[in-house]
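Chains, contacts and geometry: an overview
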Amino acid sequence: MKKLLAFIGILSCLTVIAQTARPTLAIIPEPVAITTGSGTFLLPSNVVVNAPMHTAMKEVIGILQQRLARSTGSHISLSNTAANPTIRLVLNNNADKQIGDEGYKLSVTTKDITIRANQPAGLYYGVQTLMQLFPKEVESTTLVSNMQWTAPVVEITDYPRFGWRGLMFDVSRHFFTKQQVKQYIDDMVRYKYNLLHLHLTDDEGWRLEIKGLPRLTEVGAWNVKKVGYFGTFTPPTPDEPKDFGGFYTHDDIRELVQYAKERFVNILPEIDVPGHSLAAVVSYPELSCTPGADQYRVRSGEEIMDWSHGAPPIALVDNTLCPANEKVYDFLDKVMTQVAELFPFEYIHVGGDECPKNYWEKSDAIKALMQKEGLKSMEEVQSYFEKRLEKIVESKGKKFLGWDEILEGGLAPSAAVMSWRGVKGGIEAAKMKHEVVMSPTTYAYIDYMQADPIIEPRIYSSLRLNKSYEFEPVPDGVDPKYIKGGQANLWTEQVYNMRHAEYMTWPRGLAIAESVWSPKAKKNWDHFFGKVESHFGRLDMAEIKYARAVYDPIFTATKTADGQLQITLDKEVNGLDLYYSFDNSFPDNYYPKYTGPLVPPKDAVMLKVISYKGKQPVGRMIAMPIAELKTRAAKK
Ligand code: ACM
């Protein structure tokens, strides 16, 4: 027995040694300040939590009781009297000016854990960080036995750089259920996002019940299910059932708003007008300037815009609300009244993007409006519409926010701008002393492909993780006080299900989280990517899907001086080896390793490539047709 005890003693020493040798902390987003100590805290099987009993603490304690207990099996009890609690959550009542409303100070000693914050939100973020200090298995959705649940001794001071840390979820192009939206919220709060922008209306579906306007959800919320390449689908035929879609009732929204609030998330509703409004027009054709709108159908992914001339697009069907029609403003008043009642957040997003003008140009009503109001261009017509809408939104006690197109033709006096076509619109608006949220396509469009189109579901453009990580919400020369923060946008034309929504969001959502939370000076790609790899393990444990596209090679096809195809393979991250074949078989680490540009053998039809880290395959097997590379080289 003594020998056994001695052996166990040696084993636990080894465990301590192993634990202290653990890699550096992998907290995403990177905290403001970390001081590491020596030794580790070991989670006991009975965890006593001392916390303020406050309704806003429900989810703070909930994470400990659910996420921590589920995987570790520890029994978590609450006590305000225990002399030596295991975890102490302390509210400072705004005594600590350094950390603000969302910051926290986390202290892990060998004996216990203390998190201090001014507000429950700070404690919530402190607990999220604490979870990232335990081994990745803490994220398991089932009990994990035989683990040492240790956390390193550390002192962390942390608070966000921006108050607006958002993700936009397009629930219009593809509908996502209330339960799926909750899941998206659960995923985002792990990384300290505090704003969910719901894109509730578009050509493909109106997703919000509006009392007194029943057709919006009886008709406007439904289209024909199609899969393939969105934008190229065949138009629905009369016999195809329009039974794909859905909407949120007022009770659903109240439930979602409450769910989000408990997790310190605000929901920003977007009603996208006057463009992107086909679902509303089909429901109420009298809102259109165009005769024959009563023959339109809610879009099922068929082509409705011609983008070949650039922006604004030429509409093939008129998907706009008519700025010259008083019924439109009555309609918007009804809608905004209910949106304002349902969503407590201070802003309403009114869209304003990509509004085609070609049908307005043909409309007598628009011509009459221009004459009456002295409007000189179609941009001024849209600006007239936005200014009237701004008054409606403000009459409901809300602030008016739109995509950067609302700058064209003159910005409404108190409008806030969400800059998406790069940062230019945001800079312009900030210089005019308007509030700005940055969400530029260049860094923050997480609907874009993460790797080569040969393997990713096709969409307009590409955005790799390392580029997302370069997102800087405050451009040079702009007064930071006008930049409220930033967000990543997940449009869902090509996102047909929840697992794919997660795949598109992570890991780029990790990069954006760090850009909107962490001090600029603390950002470092190599350090970040090391953490991302460790979070891949956490996301696996949490059963959240993510993309491993960062390991995929970057293909460049050129022609040599004598006209032969030459293929260059680049890597997004260091430390990878690429193995390839031209003989159609599946390369592994016994195949040729890529060392420099390749000229394919004469009759080869396929280049297959896979990336390894040491002896481990980490990337996907990519099959790249030589014909595709030849086409790309010819375009250069
Ligand atoms: C947008 O991406 N059309 C705002």
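Residues numbered from 1 in each chain as written. Predicted model: local features only at pLDDT ≥ 70, side-chain atom pairs only at ≥ 80, totals over all residues. Heavy atoms only, no water.

Looking only at helices and strands, the protein chain features 18 helices and 27 strands. Scaling as 2.2 N^0.38, a compact globule of 636 residues should have a C-alpha radius of gyration of about 26 Å, and the protein chain matches this with 27 Å. Dimensions of the protein chain, computed from C-alpha atoms along their principal axes, come out at roughly 95 × 75 × 55 Å. For the protein chain, buried positions account for 57% of its 636 residues. In the protein chain, of all internal contacts separated by at least 6 residues, the share reaching a separation of at least 24 is 71%. Of the accessible surface of the protein chain, which amounts to about 26200 Å², a share of 54% is contributed by carbon and sulfur atoms. Looking at the protein chain, you have 73 positive and 76 negative side-chain charges, and the mean spots of the two groups are 6 Å apart. (Helix = DSSP H or I, 4+ residues; strand = E, 2+ residues; numbered from the N terminus. Rg over C-alpha atoms; globule rule 2.2 N^0.38 Å. Buried < 20%, exposed > 50% of the residue type's maximum accessible area, 1.4 Å probe, protein only. Contact = heavy atoms within 4.5 Å. Areas by Shrake-Rupley, 256 points an atom, 1.4 Å probe, with all protein chains shown as cover. Lys, Arg positive; Asp, Glu negative; His and termini not counted. Charge placed at Lys NZ, Arg CZ, Asp CG, Glu CD.)

A few words on the pattern of salt bridges. In this structure the tally under the stated criterion is 44 salt bridges. Across the pair K105 and D96 runs a salt bridge, and its minimum N-O distance is 2.8 Å. On the basis of relative accessibility, which here comes to 15%, the residue D96 falls in the buried class. For E137, the salt bridge identified is with K136, shortest N-O distance 3.5 Å. In this structure E137 comes out as buried when scored by relative accessible area, which is 16%. What you see here is one network of salt bridges that share partners, running through D170, R173, D202, E204, R299 and E493. (Salt bridge = Lys/Arg side-chain N within 4 Å of Asp/Glu carboxyl O.)

What follows is about the pairing of strand β24 (residues 577–581). The side chains of a regular strand alternate between the sheet's two faces. The element β24 is largely enclosed, with a buried count of four among its five residues. As defined by bridge partners, β24 adjoins strand β25 (residues 606–613) across five bridges and the pair is classed as antiparallel. Residue pairing across strands places L578 opposite S611, the latter belonging to β25. (Pairing = 2+ DSSP bridges.)

Let's shift gears to the state of the cysteines. All told, the structure shown has one disulfide when counted by the stated rule. Bridging C289 to C322, the disulfide has an S-S length of 2.1 Å. What sets the handedness of the C289 and C322 disulfide is the S-S torsion sign, and at about 90° it is right-handed. Within this pair, whereas C289 is found in the loop between α7 (278–283) and β15 (305–306), its partner C322 is found in the loop between β16 (314–315) and α8 (326–342), the two being separated by 33 residues in sequence. Just so you know, C355 is unpaired, no disulfide at all, and the nearest cysteine sulfur is the one on C289, 9.5 Å from it. (Disulfide = S-S within 2.5 Å.)

Under the 1.5 Å per step criterion, the end-to-end length of helix α6 (residues 250–262) is 18 Å for 13 residues, consistent within 8% with the ideal 18 Å. Listed as buried for α6 are H250, D252, I253, L256, V257, Y259, A260 and E262. (Expected span 1.5 Å × (residues − 1).)

Spatial strand order, β8-β9-β14-β17-β18-β19-β20-β21: eight strands in a closed barrel with parallel pairing. Adjacent strand axes in the sheet meet at a mean angle of 30° when their direction is disregarded. Sheet topology note: the strand β18 (residues 399–403)/strand β19 (residues 416–419) ladder contains three bridges and is parallel. Across the sheet, residue G402 finds its bridge partner in β19, namely V417. (Axes fitted to C-alpha atoms, helices over the stretch in contact; angles between N-to-C directions.)

Let us look at the confidence of the model for the protein chain. With 96% of its residues at a pLDDT of 70 or more, the protein chain has an overall mean of 94. Here helix α1 (residues 2–20) stands out as the least confident element of the protein chain, with mean pLDDT 39; strand β9 (residues 195–199) is the most confident, with 99. Contacts of residues 1–23 to residues separated by more than four positions or lying in other chains number nine contacts, the stretch itself having pLDDT below 50. (pLDDT = per-residue confidence, 0-100.)

Within the secondary structure layout, S419 lies in strand β19. Judged by its relative accessible area of 0%, S419 is buried. What S419 contacts, discounting residues up to four positions off in sequence, is D404, K424, G425, G426, V437, M438, S439 and P440.

With that out of the way, let us pick up unusual backbone geometry. Among all residues save glycine, negative phi is the norm, and among peptide bonds the norm is trans. Residue P312 is reached from A311 by a cis peptide bond, and omega for that bond is -10°. Mapping P312 onto the fold places it in the loop between β15 and β16. Following W506, the chain continues to P507 via a peptide bond in cis, the omega torsion being 15°. As for its placement among the helices and strands, P507 is situated in the loop between α15 (498–505) and α16 (508–517).

Bringing the layout of surface pockets into the picture now. Take a probe with the size of a water molecule and roll it over the atoms, and the empty space left behind shows itself. Estimated volume of the largest pocket: approximately 730 Å³. Together, 27 residues line the largest pocket, and R299, W307, E354, Y460 and E493 are the ones closest to its centre. (1 Å grid on protein atoms, 1.4 Å probe; cavity = no way out; pocket = protein on both sides within 12 Å on 5 of 7 lines; lining within 4 Å. Points joined across faces, edges and corners; volume = space filled by probe spheres on them.)

Attention now moves to the sheet that holds strand β7 (residues 150–158). Here seven strands make up an open sheet; going across it, the order is β1-β7-β5-β6-β4-β2-β3 and the pairing mixed. Of all strands in the sheet, those bounded by a partner on one side alone are β1 (33–42) and β3 (75–78). Along the sheet, successive strands turn relative to each other by an average axial angle of 20°, direction set aside. Where β1 lies against β7, seven bridges are found, and the strand directions are antiparallel. Across the sheet, the residue bridging to I34 is I156, located in β7. Sheet strands in contact with helix α2 (residues 58–72) are β2 (46–50), β3 and β4 (87–91), and its direction is about 160° off that of β3.

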